[in-house]
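Below, each chain spelled out in residue letters.
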Amino acid sequence: MGIIGNQTFWIKSTASTNQALLDLLGKGEPEEGTLIAALKQTSGRGLGTNTWESEDYKNLTFSFVLYPEFLPAENQFELNKVITLGISDFVKNQLPGEKVYIKWPNDIYVGDKKICGMLIQNSLSGGVLNYLIAGIGLNVNQTVFSKEIPNPVSLKLFLNKDLDLKKSLEELCECLNTRYLQLKNNLSEKISRDYQNRLLGWKEWRNYLANDKPLRAKITGVNAFGQLELITSDEKQVVCNLKEIRFLF
Ligand code: BTN
């Protein structure tokens, strides 16, 4: 039995599974990996002020908690890497013929379309990472999306069939656990290599908007702080935080 999803609660409806897990943490200390999955979110949240839209009963929307005591707080981006790798491993297993990417820092893309978003909430005190809540929205059986969502896709749009959500979540948890164990077993170099290899735009000339200015650059990697590193055609190095760069498709 793995850690993530060992204790899983399926609920019919909640505002946001991240909030449901935070409420659970407020009442005590659920075991590491405790996962709450909802068939319907009434107020799903994305990054910043974004909302997360997901058709009721069609997709995976869930959150789980980790207590990574073994990990110095300054290395917390390693957790983003293992979680995005675990999800992209699952998507890759489902769609072996497709190109599956991690769009820095936390999105999963199939080709140039977004299939999964992730909202990570950390609790840090005195340089120690107390807990991490990872909230995942993976489009599984939804085929029609609202026009406001930029470039969505789901597994069903590739497979032309519905997937069983409970079985899919179990398989996804296996992928997440494999990657989390790699981190626990000090395989950080492998994790970083795999993350880099799967990065959308790695070693590839692409167009971006960096601080609202057009930028043509190649991604060279992600540094220890989780910042995106790029190089321009005149060999200028660019280092970006979230919000400072937008991928253009
Ligand atoms: C993004 O903006 O791309 C992140 C979206 C994260 C959505 C998931 S769905 C499950 C969990 N609960 C939420 O309210 N948000 C996350």
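This is a predicted model, so every value here is computed, not measured.

S.K.: Mind laying out the pattern of salt bridges, listing which residues take part and the relevant values?
M.R.: This model, assessed by the stated rule, comprises eleven salt bridges. Of the charged contacts, one joins aspartate 194 and arginine 179 as a salt bridge, the two residues approaching to 2.8 Å between their closest N and O atoms. You can see aspartate 194 sitting in helix H5 (residues 188-197) and its partner arginine 179 sitting in helix H4 (residues 165-184), a full 15 residues away along the chain. Of the residues examined, aspartate 194 reaches a relative accessible area of 15% and is grouped as buried.

S.K.: Can you break down H4 residue by residue, with the values?
M.R.: With 20 residues, H4 extends 28 Å between its outermost C-alpha atoms, agreeing within 8% with the 28 Å of an ideal straight helix rising 1.5 Å per residue. Turning to H4, its buried residues number three or more, namely Leu165, Ser168, Leu169, Leu172, Cys173, Cys175, Leu176, Asn177, Arg179, Tyr180, Gln182 and Leu183. Backbone nitrogen of lysine 166 and a side-chain oxygen of the N-cap are separated by 3.2 Å at the start of H4; the cap is aspartate 164. Positive backbone phi, approximately 65°, marks asparagine 186, located one or two places after H4.

S.K.: Give me the pairing of strand E2 (residues 35-41): which residues, what numbers.
M.R.: Among the seven residues that make up E2, five are buried, leaving the element largely enclosed by the rest of the structure. One ladder, built from six bridges, connects strand E1 (residues 8-14) with E2; its direction is parallel. Considered in E2, the bridge of serine 13 is made with lysine 40. In terms of handedness, the path from E1 via helix H1 (residues 17-27) over to E2 forms a crossover that is right-handed. Where E2 and strand E3 (residues 60-66) come together, four bridges link them in antiparallel fashion. Residue pairing for E3: alanine 37 is matched across the bridge by phenylalanine 62.

S.K.: Provide a residue-level description of the sheet that holds strand E9 (residues 213-222), including the pertinent values.
M.R.: In spatial order, the strands read E11-E10-E9-E8-E12; together these five strands make up an open sheet with antiparallel pairing. Each end of this open sheet is capped by a strand with a single partner; those strands are strand E11 (237-240) and strand E12 (245-247). Taken over all neighbouring pairs, the strand axes of this sheet differ in orientation by 50° on average, direction set aside.

The rules we used
- Residues numbered from 1 in each chain as written.
- Predicted model: local features only at pLDDT ≥ 70, side-chain atom pairs only at ≥ 80, totals over all residues.
- Heavy atoms only, no water.
- Salt bridge = Lys/Arg side-chain N within 4 Å of Asp/Glu carboxyl O.
- Helix = DSSP H or I, 4+ residues; strand = E, 2+ residues; numbered from the N terminus.
- Buried < 20%, exposed > 50% of the residue type's maximum accessible area, 1.4 Å probe, protein only.
- Expected span 1.5 Å × (residues − 1).
- Polar contact = N/O pair within 3.5 Å; in protein donor to acceptor, adjacent residues only side chain to side chain.
- Pairing = 2+ DSSP bridges.
- Right-handed = clockwise from strand over helix to strand, strands pointing away.
- Axes fitted to C-alpha atoms, helices over the stretch in contact; angles between N-to-C directions.

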